[in-house]
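Here is how the chains run, residue by residue.
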Amino acid sequence: MMKKITLLGAALLITTCIFAQKDIPSAQPGVEYGEGVNASKHLTVTKLEKKLNKDSVYTGSVTGDIVEVCTKKGCFMKLTDDKTGELITVRFKDYGFFMPQDIVGKTVAVEGDAKVTEHSVKQLQHWAEDAGKSSEEIAAIQEPKRTIEIIATGVKVLK
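## Overview of the overall build of the protein
Within the protein one finds 4 helices and 7 strands. Taken from the N to the C terminus, the helices and strands of the protein come in the order α-β-β-α-β-β-β-β-α-α-β. Sorting the 159 residues of the protein into buried and exposed places 40% on the buried side.

## Thoughts on the pairing of strand β6 (residues 107-119)
Relative to β6, strand β3 (residues 57-69) runs antiparallel, the two sharing 9 bridges. Bridge pairing links glycine 64 to valine 108 in β6. Here 12 bridges tie β6 to strand β7 (residues 145-157), and the two strands are oriented antiparallel to one another. Its bridge partner lying in β7, histidine 119 is registered against lysine 145.

## Considering the packing of aromatic side chains
The tally for this structure, following the rule as stated, stands at 1 aromatic pair. On the basis of an interplanar angle of 50° and a centroid distance of 4.8 Å, the ring pair of phenylalanine 92 and phenylalanine 97 is categorised as tilted. Phenylalanine 97 sits in the buried class, given a relative accessible area of 11%. One Lys or Arg, arginine 91, reaches over the ring of tryptophan 127 and ends 3.6 Å from the middle of that ring.

## Observations concerning the side chain of histidine 119
Structurally, the position occupied by histidine 119 is in strand β6. Since its relative accessible area comes to 9%, histidine 119 is described here as buried. Here the side chain of histidine 119 touches threonine 117 through a polar contact of 2.9 Å, side chain to side chain. Within the structure, histidine 119 has its side chain in polar contact with the side chain of glutamate 149 (distance 3.4 Å). Filtering out sequence-adjacent residues up to four positions away, histidine 119 remains in contact with Leu124, Trp127, Pro144, Lys145, Thr147 and Glu149.

## Observations concerning the confidence of the model for the protein
Summing up the model confidence of the protein, the mean pLDDT is 83 and the portion of residues at 70 or higher is 85%. Confidence scores differ between elements of the protein, with helix α1 (residues 2-19) showing the lowest mean pLDDT of 45 and strand β1 (residues 32-34) the highest of 94. Below pLDDT 50 for its whole length, residues 6-21 participates in 6 contacts with residues either more than four positions away or in separate chains.

## Considerations on the layout of surface pockets
Within this model, the largest pocket holds a volume of roughly 320 Å³. Taken together, 17 residues form the lining of the largest pocket, with Lys78, Leu87, Leu124, Ile141 and Lys145 sitting closest to its centre. Counting residues per element, the ones that place at least two in the lining of the largest pocket are β4 (76-80), β5 (88-92), α3 (121-130) and β7. Ranked by residues supplied to the lining of the largest pocket, first place goes to α3 with 3 residues. Looking at side-chain class alone, the lining of the largest pocket contains 8 nonpolar, 3 polar and 6 charged residues.

## Section: a positive patch on the surface
Judged by side-chain charge, Lys47, Lys50, Lys54 and Lys83 come together as a positively charged surface patch. Looking at the secondary structure, you find lysine 83 in the loop between β4 and β5.

## Points about the environment of glutamine 142
Within the element layout of this structure, glutamine 142 appears in the loop between α4 (135-139) and β7. Taking the C-alpha atoms as reference, glutamine 142 lies 8.8 Å from glutamine 125; in sequence the two are 17 residues apart.

About the thresholds
Residues numbered from 1 in each chain as written. Predicted model: local features only at pLDDT ≥ 70, side-chain atom pairs only at ≥ 80, totals over all residues. Heavy atoms only, no water. Helix = DSSP H or I, 4+ residues; strand = E, 2+ residues; numbered from the N terminus. Buried < 20%, exposed > 50% of the residue type's maximum accessible area, 1.4 Å probe, protein only. Pairing = 2+ DSSP bridges. Phe/Tyr/Trp six-rings, centres within 6.5 Å; stacked < 30°, edge-to-face > 60°. Lys NZ or Arg CZ within 6 Å of the ring centre and 35° of its normal. Polar contact = N/O pair within 3.5 Å; in protein donor to acceptor, adjacent residues only side chain to side chain. Contact = heavy atoms within 4.5 Å. pLDDT = per-residue confidence, 0-100. 1 Å grid on protein atoms, 1.4 Å probe; cavity = no way out; pocket = protein on both sides within 12 Å on 5 of 7 lines; lining within 4 Å. Points joined across faces, edges and corners; volume = space filled by probe spheres on them. Nonpolar A, V, L, I, M, F, W, Y, C, P; charged D, E, K, R; others polar. Patch = residues over 30% accessible without salt bridge, like charges linked within 9 Å, V, L, I, M, F, W, Y side chains within 5 Å. Areas by Shrake-Rupley, 256 points an atom, 1.4 Å probe, with all protein chains shown as cover. Salt bridge = Lys/Arg side-chain N within 4 Å of Asp/Glu carboxyl O. Lys, Arg positive; Asp, Glu negative; His and termini not counted. Charge placed at Lys NZ, Arg CZ, Asp CG, Glu CD.

Here it is in structure tokens:
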């Protein structure tokens, strides 16, 4: 009996992951995810980097271009701007919403809390795997990295 319940639970989890992307609206201008974006003024990625050199946390809205999204279910994305090329990881509060695969290349506003964090090699390799990186790229990750991370409550596609 316990074996059947375990198998049923595993099947349900796999099915949810497979069909999760089908329920996510396409990334068209004006589409919002999560709680949306409330602020009318947004920091750019470059200004956020400067702000976090002075303060430990920033709460508000940030704009940038999406250059990567989790290929498994859209559970994280990376944004940048063309001035620095620095990547910022965006995760979603309590995994309450996910991003569609077609959001790569879009400009978005992200509402949430930003801070500088240090990520272990193991975590970086896990994220690289989720992003669809090759085994060689994953194996090349050998040092922890300090990055800016945003825990988003909402995302709005700007263009």
